[in-house]
Amino acid sequence: MKPIGVAVVGAGYWGPNLVRNIDASPEMTLEWVCDVDVERARQVAGRHSPTRTTAALADVLDDPRVQAIAVATPARTHVDVARPALEAGKHVLVEKPLAASYAEAESLVRLADQQELILMCDHTYCYTPAVLKIREVVQSGMLGDLQFFDSVRINLGLVQRDVDVLWDLAPHDLSILDFVLPECVRPQAVAAHGADPIGAGKSCIAYLTVQLSGGAIAHAHVNWLSPTKVRTTIIGGSKRTLIWDDLNPSQRISIFDRGVALAGPEEIGTDERREAAISYRTGDMIAPALTEGEALRGVMSEFAAAIRQRRPSVTDGRSGLRVLDVLEAASASLDYRGAVVPLRSAR
Ligand SMILES: NC(=O)c1ccc[n+]([C@@H]2O[C@H](COP(=O)([O-])OP(=O)(O)OC[C@H]3O[C@@H](n4cnc5c(N)ncnc54)[C@H](O)[C@@H]3O)[C@@H](O)[C@H]2O)c1
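Residues numbered from 1 in each chain as written. Predicted model: local features only at pLDDT ≥ 70, side-chain atom pairs only at ≥ 80, totals over all residues. Heavy atoms only, no water.

**A look at the overall build of the chain**
Quick reminder of the rule: Runs of E in the DSSP output that reach at least two residues are strands. Runs of H or I that reach at least four are helices, and both are numbered from the N terminus. In this setup the radius of gyration rests on C-alpha atoms only. A globule is expected at 2.2 Å times the number of residues raised to 0.38. Buried means the residue's accessible area, taken with a 1.4 Å probe over protein chains only, is under 20% of the maximum for its type, while exposed means over 50%, and partly exposed covers the values in between. We call two residues in contact whenever any of their non-hydrogen atoms come within 4.5 Å of each other. To measure how exposed things are, a 1.4 Å probe is used in the Shrake-Rupley method; for residues, cover is taken only from the protein chains shown. Charged residues are defined narrowly, with Lys and Arg counted positive, Asp and Glu counted negative, and His plus the chain ends left uncounted. Charge positions are represented by NZ for Lys, CZ for Arg, CG for Asp and CD for Glu.
Assigned secondary structure in the chain consists of 10 helices and 15 strands. Computed over its C-alpha atoms, the radius of gyration of the chain comes to 22 Å, within 12% of the 20 Å expected for a compact globule of 347 residues. C-alpha extents for the chain along the principal axes are approximately 80 × 45 × 40 Å. Here the chain holds 347 residues, and the buried ones make up 51% of them. Taking the contacts inside the chain whose residues are at least 6 apart along the sequence as the reference set, 67% of them involve residues at least 24 apart. Surface exposure of the chain reaches about 16500 Å², of which carbon and sulfur atoms provide 52%. Of the side-chain charges in the chain, 36 are positive and 43 negative, and the distance between the mean point of each set is 3 Å.

If you want it as structure tokens, here you go:
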């Protein structure tokens with residue numbers, strides 16, 4: 001089958017990773033690299049490569065060899081690239097977050113539907129072997145009923161010019177949450193607190209609490225100011241608890257058969273103290289074997305499969321929209337000093 005002609009738009013920090021993985025994909029051919037800074041595009045394409053470079057998006061959109069566009073420009077410009085690309089009949093892969101607002105993202109989802117084109121969001125972590133395994137474990141019921149999801153994503157990060165730490169880092173945690181949750185558990189409302197101790201003019205530290213249907217709770221701590229890097233997520237269930245430490249390649253995932261249970265009312269009795277009915281379970285820990293592999297390879301493979309099979313990708317525009325629903329509500333909560341803000345999807 002003929003490889004799919006792809007153009008990468010945006011050749012800054014992240015764009016070269018898309019270029020490398022498209023180059024490595026047998027299902028794709030890299031036709032163009034486009035950047036308003038054409039010198040950047042030339043560097044990233046490689047001076048002796050047959051891939052063409054341009055500063056003008058129109059050059060890319062006018063080329064019939066281009067069937068798909070991968071967008072790695074800053075979030076505020078995603079819609080300016082993705083909309084004309086969809087209008088020109090190209091399938092589109094957009095970096096996270098899908099757009100700078102829910103309304104923009106919704107207009108892209110609608111346009112892609114009208115044009116019968118693939119709109120996919122690069123929720124990169126969803127294509128890591130660890131997150132794929134976590135999804136399998138959570139959705140198989142191995143953890144029991146979900147009780148909590150707690151994620152820490154902190155390090156000395158680049159203070160971004162256009163977004164705060166919530167919009168920079170939390171899309172990762174929220175897209176993972178969206179990807180692994182069982183269908184019956186959905187985010188309902190969010191409260192967020194932030195701080196800017198260095199005077200950057202935006203939150204550099206944020207704590208996000210998401211109420212989930214069924215009484216479970218999710219929390220994310222995102223931080224650009226931590227001298228040490230932590231990438232840990234704990235997912236607790238009524239039967240088992242999973243710990244994902246992404247910085248421990250020899251044992252990224254551990255599943256503990258340990259937990260706390262409260263006996264039912266019939267076992268507590270009327271005059272017995274409640275504490276006496278709490279029992280602690282200590283069982284084994286297992287560490288599933290994981291393959292190692294670059295997540296972006298999986299992203300490209302899924303993008304190509306979705307285009308060929310004319311089916312939504314597993315991180316389609318709608319998943320990008322759900323992440324934006326939480327992000328916008330979190331920003332509103334930050335403005336209201338941590339007030340609980342219901343999500344659009346739950347209203
Ligand atoms: N999936 C991930 O893990 C991940 C990681 C980092 C960044 N990102 C995302 O990638 C995107 C880009 O981030 P970055 O850190 O590479 O930004 P960056 O500022 O380093 O690079 C952006 C590039 O886009 C170019 N550009 C800007 N507007 C353009 C336009 N209209 N047309 C063509 N080129 C344009 C700029 O000249 C620049 O070279 C963001 O959406 C970011 O959230 C994703």
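Now that the structure has been shown, the text picks up again.
**Thoughts on the side chain of Arg-231**
Stated precisely, the cut-off is as follows: By definition here, a salt bridge exists when the distance from a side-chain nitrogen of Lys or Arg to a carboxyl oxygen of Asp or Glu is within 4 Å. As used in this structure description, the phrase polar contact means that two N or O atoms lie within 3.5 Å; if the pair is within protein, one of them must be able to donate a hydrogen and the other to accept it, and residues adjacent in sequence are counted only when both atoms belong to side chains.
Tracing the backbone shows Arg-231 in strand β11 (residues 225-237). The buried charged residue Arg-231 lacks any salt bridge, with Asp-246 as its nearest oppositely charged partner at 6.0 Å. Within the local environment of Arg-231, its side chain forms a polar contact with the side chain of Asn-155, the two groups lying 3.1 Å apart. Filtering out sequence-adjacent residues up to four positions away, Arg-231 remains in contact with Tyr-125, Val-152, Arg-153, Ile-154, Asn-155, Trp-244, Asp-245, Asp-246 and Leu-247.

**With respect to the environment of Ala-82**
Note on placement: Ala-82 falls in helix α4 (residues 78-87). By relative accessible area, Ala-82 is classed as buried at 0%. Sequence separation between Ala-82 and Asp-122 is 40 residues; the distance between their C-alpha atoms is 13 Å. Contacts of Ala-82, omitting those with residues within four sequence positions, involve Val-92, Val-94 and Leu-108.

**Regarding helix α9 (residues 295-309)**
The criterion, for reference: To estimate how far a helix should reach, multiply one less than its number of residues by 1.5 Å.
Counted at 1.5 Å a residue, the expected span for α9 with its 15 residues is 21 Å, and the 21 Å between its end C-alpha atoms agrees. Regarding α9, the residues found buried are Ala-295, Leu-296, Val-299, Met-300, Glu-302, Phe-303, Ala-304, Ala-305, Ala-306 and Ile-307. Each element contacted by the buried residues of α9 is listed here: β1 (4-9), α1 (15-23), β2 (28-34), β4 (68-71), β5 (91-95) and β6 (119-122).

**What to know about the pattern of salt bridges**
Inspection of every chain in the model, using the stated rule, returns 19 salt bridges. The partner of Arg-52 in a salt bridge is Glu-31, with the nearest N and O atoms 2.8 Å apart. Residue Arg-52 is found in strand β3 (residues 52-54), and its partner Glu-31 is found in strand β2; the two are separated by 21 residues along the sequence. Judged by relative accessible area, which is 26%, Arg-52 ranks as partly exposed. For Glu-31, a relative accessible area of 13% puts it in the buried group. Put simply, Glu-39 and Arg-47 hold a salt bridge, and the shortest N to O gap is 2.3 Å. Under the relative-accessibility criterion, Glu-39 is labelled partly exposed at 32%. Salt bridges sharing partners connect three or more residues here, namely Glu-31, Arg-52, Asp-63 and Arg-65.

**Considering the site of the ligand**
Spelled out, the test is: Near is defined per residue: the residue qualifies when any heavy atom it owns lies within 4 Å of the molecule or strand. Three categories are distinguished: nonpolar for Ala, Val, Leu, Ile, Met, Phe, Trp, Tyr, Cys and Pro, charged for Asp, Glu, Lys and Arg, and polar for the others, with Gly belonging to the last.
Neighbouring residues of the ligand: 18 residues in total, closest Trp-14, Asp-35, Glu-95, Lys-96 and Thr-124. Trp-14 has a polar backbone atom sitting 2.8 Å from an oxygen atom of the ligand. Thr-124 is positioned with one of its side-chain polar atoms (N or O) 2.7 Å from a nitrogen atom of the ligand. Within the complex, 78% of the 860 Å² of free accessible area of the ligand lies under protein. Looking at side-chain class alone, the shell around the ligand contains 8 nonpolar, 6 polar and 4 charged residues.

**Overview of the sheet that holds β2**
Spelled out, the test is: Paired strands are those between which DSSP finds at least two bridges. Fitted lines through C-alpha atoms give the axes, limited to the stretch in contact for helices. The angle between two N-to-C directions lies from 0 to 180 degrees.
Across the sheet, 6 strands lie side by side as β3-β2-β1-β4-β5-β6; this open sheet has parallel pairing. Each edge of the sheet is formed by a strand with only one pairing partner; in this case those strands are β3 and β6. Averaged over all neighbouring strand pairs, the angle between strand axes comes to 25°, with direction disregarded. Where β1 meets β2, 6 bridges bridge the pair, whose relative direction is parallel. Paired with Gly-5 across the two strands is Thr-29, which belongs to β2. The strands that α4 touches are β1, β4 and β5; relative to β5, the one it contacts most, it runs at about 170°. Relative to β5, α9 is tilted by about 155°, and along the sheet it contacts β1, β2, β4, β5 and β6.

**Notes on the packing of α1 against α9**
Let me state the cut-off plainly: Less than a right angle of anticlockwise turn of the near helix away from the far helix marks a crossing as left-handed, whereas a clockwise turn marks it as right-handed.
Two elements in contact, α1 and α9, have axes whose closest approach is 9 Å; the angle formed by their N-to-C orientations is 65°. The two elements α1 and α9 meet at a crossing, and its hand is right-handed. Mapping the contact onto sequence places Asn-17, Leu-18, Asn-21 and Ile-22 in α1 and Leu-296, Arg-297 and Met-300 in α9. Looking at side-chain class alone, the contact of α1 with α9 contains 4 nonpolar, 2 polar and 1 charged residues.

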